[in-house]
Amino acid sequence: MSKVNSSNMELDLDRPNIEDYLPTDSIHEPLGKLRLRDLLDISPTLREAGGAIVDDSFTRCFKSNPPEPWNWNVYLFPLWCLGVVVRYGILFPVRVLILTLGWIIFLSCYIPVHWLLKGHDKLKKRIERALVELICSFFVASWTGVVNYHGPRPCARPKQVFVANHTSMIDFIILEQMTAFAVIMQKHPGWVGLIQSTILESVGCIWFNRSEAKDREIVSRKLREHVEGADNNPLLIFPEGTCVNNNYTVMFKKGAFELGSTVCPIAIKYNKIFVDAFWNSKKHSFTTHLLQLMTSWAVVCDVWYLEPQNMKPGETPIEFAERVRGIISARAGIKMVPWDGFLKYSRPSPKLKEVKQQAFAESVLRRLEDK
């Protein structure tokens, strides 16, 4: 212990003291004058950083909360084991059979319609729309989906766009089984991308790639063209731009709110009693997510078709987007947070760092002026 103490004392003696580099009179100045240690005080900034770590509302938006274990009891554990056998040994094979049957029926009808009805666009579009709704219904059945729809069913009208909060890609499937929407969606690889580029093209869906800057201009142009068309399917947009865990809503992108169209909000709320429907795309593929749903007891959710909204005089698209987000959040009972969902995929903009730097510089200047 004596050796350790002596070494610590040597380290303390070697450590430079800032007061040794200051004039002698500056150390004993009265309290009313500015000291260097006061000028360089970064405790407010550190306090803000520490608070952000403790209360990280951004990360919580994309966390999947695991269910609390209930099989710890000697009486409940056999029931849990029985549930696993039923879900994986009985329900899962039956659901796979239902989904396989659905695809057989869908493809046996879709392929002839797609190729034989060329030149009869209206009839072809109507049948393909009904078939897309059918296959989405088979998907929902493969999870034993219990979906309660509230409000009038959407219909196709010009100058109208539907917006909804986003938890998983199954949001689109749940909404699509009731109405064949044309959706704006990220282009996905694999079998999902194949379905996007073939089947879903028939209902007028628009795809984009986040990494391509040119895609934004193309999508913006296609949005305006689609909204103007009277015969096009209703347009559905998830303005959060990413999947959020259904406990929060992040900031809505303004693209859907600057089209000059009527905005129809849709609120989606999942009941997590049987399964958490949140899809964390950075950890799991959509196939893994589907398997998780198909091996659960059921997917339970409520969908509210809310009152259409129009931009008020003097209201900016950003203010309009926030107002609609507030309506959806209030109806679904989820919390609004002031975060951009794209931060999930990229680093913060340099502008955000500059704002923090400017705030620190202004605090130093205020201390100089006060002193």
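Cut-off values and rules
Residues numbered from 1 in each chain as written. Predicted model: local features only at pLDDT ≥ 70, side-chain atom pairs only at ≥ 80, totals over all residues. Heavy atoms only, no water. Axes fitted to C-alpha atoms, helices over the stretch in contact; angles between N-to-C directions. Helix = DSSP H or I, 4+ residues; strand = E, 2+ residues; numbered from the N terminus. Parallel < 35°, antiparallel > 145°, perpendicular 65-115°, else oblique. Contact = heavy atoms within 4.5 Å. Nonpolar A, V, L, I, M, F, W, Y, C, P; charged D, E, K, R; others polar. Pairing = 2+ DSSP bridges. UniProt positions renumbered as here; feature names shortened; annotations may be inferred. Core = buried A, V, L, I, M, F, W, Y, C linked by side-chain atoms within 4.5 Å. Buried < 20%, exposed > 50% of the residue type's maximum accessible area, 1.4 Å probe, protein only. Phe/Tyr/Trp six-rings, centres within 6.5 Å; stacked < 30°, edge-to-face > 60°.

Draft legend 1. Structural detail: the packing of helix H6 (residues 77-116) against helix H7 (residues 121-141). Packing of H6 against H7 brings their axes to within 9 Å, and their N-to-C directions diverge by 170°. As far as their axial angle goes, H7 and H6 are roughly antiparallel. Residues Ile98, Leu99, Gly102, Trp103, Ile105, Phe106, Cys109, Tyr110, Val113 and His114 of H6 form the contact with H7, whose participating residues are Lys124, Ile127, Glu128, Leu131, Val132, Leu134, Ile135, Phe138, Phe139 and Ala141. Across the contact of H6 with H7, the residue classes break down as 16 nonpolar, two polar and two charged.

Draft legend 2. Structural view of the packing of H6 against helix H11 (residues 286-294). Running from N to C, H6 and H11 cross one another at 120°; their axes reach a closest spacing of 10 Å. In terms of orientation, H6 lies oblique with respect to H11. Here H6 contributes Phe92, Arg95, Val96 and Leu99 to the contact with H11, which in turn contributes Leu291, Leu293 and Met294.

Draft legend 3. Highlighting the sheet that holds strand E5 (residues 235-237). One open sheet holds the seven strands; their spatial order is E1-E8-E7-E2-E5-E3-E4, and the pairing between them is mixed. Each edge of the open sheet is held by one strand with a lone partner, namely strand E1 (145-150) and strand E4 (206-208). On average, each strand axis in the sheet is tilted by 20° relative to the strand beside it, whichever way the strands run. For E1 and strand E8 (residues 299-305), the ladder comprises six bridges, and the chain directions are parallel. Residue Val146 lies in a different strand from E8, and its bridge partner there is Val300. On the sheet, helix H12 (residues 317-332) packs against strand E2 (160-164), strand E7 (262-271) and E8 and is oriented at approximately 35° with respect to E7.

Draft legend 4. The arrangement of the UniProt feature "transmembrane region" (unreviewed entry) in the protein chain in detail. UniProt's entry tags residues 72-90, 96-117 and 129-149 with the feature "transmembrane region" (unreviewed entry), counted in the numbering of this structure. Structurally, residues 96-117 is divided into 95% helix and 0% strand, and its ends, taken at the C-alpha atoms, are 31 Å apart. As annotated, residues 129-149 has a helix share of 62% and a strand share of 24%, and its two end C-alpha atoms lie 20 Å apart.

Draft legend 5. Up close: the nonpolar core. Core analysis: the largest hydrophobic core is formed by 56 residues, its most contacted members being Trp143, Ile170, Ile174, Leu175, Leu236, Ile266 and Val303. With residues up to four places along the chain from it excluded, the contact list for Ile266 reads Phe162, Val163, Ala164, Asn165, Leu175, Phe181, Leu236, Val303, Trp304, Tyr305 and Ile328. One finds Ala182, Leu235, Ile237 and Ala256 within the second-largest nonpolar core, a separate group that totals 24 residues.

Draft legend 6. Inspection of the packing of aromatic side chains at higher detail. Summed over all chains, the structure comprises ten aromatic pairs. Where Phe162 meets Phe181, the ring centres are 5.3 Å apart and the plane angle is 65°; that geometry is what we call edge-to-face. In this pair, Phe162 sits in strand E2 while Phe181 sits in the loop between helix H8 (170-176) and strand E3 (182-186), placing the two residues 19 residues apart along the sequence. Three or more aromatic residues link up through ring pairs in this structure, and these residues are Trp103, Phe106, Tyr110 and Phe139.

Draft legend 7. Highlighting the environment of Ile327. With respect to the element layout, Ile327 can be found in helix H12. Look at Ile327 and you get partly exposed, because its relative accessible area is 26%. In this structure the C-alpha to C-alpha distance between Ile327 and Gln309, which are 18 residues apart in sequence, comes to 9.9 Å. When neighbours within four sequence positions are excluded, Ile327 is seen to be in contact with Leu306 and Gln309.

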